[in-house]
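# Breakdown of the fold
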Amino acid sequence: MHLARFSRVFLAHLPTPLERLDRLSDALGGPEIWIKRDDCTGLSTGGNKTRKLEFLMAEALDEGADMVMTQGATQSNHARQTAAFAARLGLACHLLLEDRTGSEDPNYNRNGNVLLDHLHGATTEKRPGGLDMQAEMEAVAEKFRAEGRKVYVIPGGGSTPTGALGYVNCAFELLGQANDRGLVIDHIVTATGSAGTQAGLITGLKAINAGIPLTGIGVRAPKEKQEDMVFALAQATAEKLGCPGVVAREDVVADSSYVGPGYGIPREDTIEAIKMFAELEGILLDPVYSGKGAAGLIDYCRSGKFGKGERVVFLHTGGSAALFGYDSVLTGA
Ligand SMILES: *Cc1c(COP(=O)(O)O)cnc(C)c1O
């Protein structure tokens, strides 16, 4: 598996730390919980999109782009990391932000990731919820192309086979860290949304025969739909890597029991997870993704789905910038 064959802009702070969470593990009475700190990838408050963008932005440069476009929810971490990466490379960046929550909270609409998008010099346009955002983006890209721009369009979440290579790389990195310190990992848990993170990870894990089950905690789609999305992207990623068929359908496991009322709307266990990580470990989660992923992790520990003596790695995908768009939910104000 020779990732160096693919173009890449080396910009993330890698490897991200792998740390043991003693106080959280103690509070839950086991298992032994470890955290892979992909919230520390180093680009504009970090997060999982940075690994994907290393490969996507390289493809944009290879194609001669002078502008990148992407889309996401108003508080999209992916949009913010794309804006920062574009700034670093001297590319223009245009973002379409979809109103998926209907929130009229000024902080949700202007603070957090939205503030950072604009600080990085990106231009933004809003869209109401429920549109075909890929089609919206293609239409806007055509307008820019007619003006002479060379636009590279990144699908929502950067979840293409190219983007997923970033998480194939993460699987290799994590296994290397575990092997170096004699850590036997029994399970990996992470939030899953547009599917690139889980698809890349499972492809990497299977390609090196790691033998570690991976559970994606869904943040939007129902289980079956989420698993189908991840599986389709994992298949395409494996093909790109030259190991077609390495991922089986049953390797892809998603659990959408922690979504609550909908995408971007935290529920009580999301907020409890954010507070536990903050108060016990000094680590910031977010209300849209990692807070729901951690709510799933905590419930699996409490309910005995993870055994006391097991070692579980939680892949922290970032998102803390969104906290500042959700202050009213977090403080109850
Ligand atoms: C995008 C995102 C995810 C989900 O990753 P996908 O690759 O889209 O499945 C998880 N956590 C955070 C903080 C994110 O921004």
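Note: the structure precedes this text.
What you are looking at is a predicted structure, and each value in this text was computed from that prediction instead of being measured. (Residues numbered from 1 in each chain as written. Predicted model: local features only at pLDDT ≥ 70, side-chain atom pairs only at ≥ 80, totals over all residues. Heavy atoms only, no water.)

## So, the overall build of the protein
To be explicit about the condition: Each helix is a run of DSSP H or I of at least 4 residues and each strand a run of E of at least 2, with the numbering of both proceeding from the N terminus. The reference for a compact globule is 2.2 Å times residues^0.38; the radius of gyration itself is calculated from the C-alpha atoms. Accessible surface area values rest on a Shrake-Rupley calculation with a 1.4 Å probe, where residue burial reflects the displayed protein chains alone. Only four residue types enter the tally: Lys and Arg on the positive side, Asp and Glu on the negative side; His and the chain ends are excluded. Here the site of a charge means atom NZ of a Lys, CZ of an Arg, CG of an Asp or CD of a Glu.
For the protein, the helix and strand inventory stands at twelve helices and ten strands. Here the protein has a C-alpha radius of gyration of 19 Å; the compact-globule value for 333 residues is 20 Å, and the two agree. Along the longest, intermediate and shortest principal axes, the C-alpha atoms of the protein span 60 × 50 × 35 Å. For the protein, the exposed surface amounts to about 12900 Å²; the carbon and sulfur share of it is 51%. Seen as two clouds, the 33 positive and the 41 negative side-chain charges of the protein have centres 2 Å apart.

## As for the environment of Gly332
Just so we agree on the cut-off: Only protein chains enter the accessibility calculation, which uses a 1.4 Å probe; a residue whose area is less than 20% of its type maximum is buried, one above 50% is exposed, and one in between is partly exposed.
Along the chain, Gly332 falls in the segment after α12 (327-331). Gly332 sits in the exposed class, given a relative accessible area of 64%. When the C-alpha atoms of Gly332 and Ile33 are compared, they prove to be 29 Å apart, with 299 residues separating the residues in sequence.

## Some thoughts on the sheet that holds strand β3 (residues 67-73)
Consider a sheet: its strands pair through backbone hydrogen bonds, and that pairing is either parallel or antiparallel. Where we set the bar: Strand pairing is assigned whenever DSSP identifies at least 2 bridges connecting the two strands. Between the N-to-C directions of two axes lies an angle of 0 to 180 degrees, each axis being a line fitted to C-alpha atoms and, for a helix, fitted only over the stretch in contact. Residue contacts are counted whenever heavy atoms from the two residues lie within 4.5 Å of one another.
Spatial ordering of the open sheet is given by β5-β4-β3-β6, a layout of four strands whose pairing is parallel. Where the open sheet ends on each side, the last strands, each with one partner, are β5 (123-128) and β6 (151-153). For this sheet, the mean angle separating the axes of adjacent strands, direction not counted, is 25 degrees. As judged from the six bridges shared by strand β4 (residues 92-99) and β5, these two strands associate in the parallel manner. The residue bridging Leu95 from the neighbouring strand is Thr124, located in β5. Along the sheet face, helix α3 (residues 77-89) touches β3 and β4 and points at about 170 degrees away from the line of β4.

## Description of the site of the ligand
The test is simple: A single heavy atom is enough: if one lies within 4 Å of a molecule or strand, its residue is considered near that molecule or strand. Between N or O atoms, a polar contact is any pair within 3.5 Å; within protein, one atom must be a potential hydrogen donor and the other a potential acceptor, and residues adjacent in sequence are included only when both atoms are from side chains. Grid spacing is 1 Å over the protein atoms alone, the probe is 1.4 Å, and a cavity is where that probe fits but cannot get out, while a pocket is an open set with protein on both sides within 12 Å along at least five of seven lines and lining residues have an atom within 4 Å of a point. Assignment of a molecule to a cavity or pocket requires that more than half of its atoms lie within 2 Å of the corresponding grid points. Classification convention: Asp, Glu, Lys, Arg as charged; Ala, Val, Leu, Ile, Met, Phe, Trp, Tyr, Cys, Pro as nonpolar; all other residues, Gly among them, as polar.
The immediate surroundings of the ligand are formed by 16 residues, with Lys49, Lys52, Ser194, Thr197 and Thr317 found nearest. Lys52 is positioned such that a nitrogen or oxygen atom in its side chain is 2.6 Å from an oxygen atom of the ligand. One of the side-chain N or O atoms of Thr197 is found 2.7 Å from an oxygen atom in the ligand. Compared with its free state, where it exposes 380 Å², the ligand has 98% of that area covered by protein. Spatially, the ligand is embedded in the largest pocket. Elements supplying a minimum of two residues to the shell around the ligand: α2 (49-62) and α8 (196-207). Along the lines of polarity and charge, the residues of the shell around the ligand split into two nonpolar, eleven polar and three charged.

## Topic: the packing of aromatic side chains
To keep things clear, this is the line we draw: Within 6.5 Å between ring centres, the rings of Phe, Tyr and Trp (the latter by its six-membered ring) count as paired, and their orientation is classed by plane angle as stacked under 30 degrees, edge-to-face over 60, tilted in between.
If you walk through the whole model with that rule in mind, you get five aromatic pairs. With a centroid separation of 5.8 Å and an interplanar angle of 75 degrees, the aromatic rings of Tyr263 and Tyr289 are classed as edge-to-face. On the criterion of sequence distance, the pair formed by Tyr263 in the loop between β9 (253-255) and α10 (268-281) and Tyr289 in the loop between α10 and α11 (290-302) is long-range, its members being 26 residues apart. As far as burial versus exposure is concerned, Tyr263 and Tyr289 are alike and both buried.

## Considering the sheet that holds strand β10 (residues 311-316)
Pairing in this open sheet of six strands is mixed, and the strands run β1-β2-β10-β7-β8-β9 from one edge to the other. Here the strands that pair on one side only, and so sit at the sheet edges, are β1 (18-20) and β9. Between one strand axis and the next, the sheet turns by 30 degrees as a mean value, whatever way the strands run. Looking at chain direction, strand β7 (residues 187-192) and strand β8 (residues 214-218) are connected through five bridges and run parallel. Note on β8: the bridge partner recorded for Val189 is Thr215.

## What to know about the side chain of Thr192
With respect to the secondary-structure elements, Thr192 resides in strand β7. Those residues in contact with Thr192 that sit more than four places away from it in its chain are Gln198, Gly216, Ile217, Gly218, Val219, Gln226 and Val230.

By themselves, these are just geometric observations and shouldn't be taken as functional.
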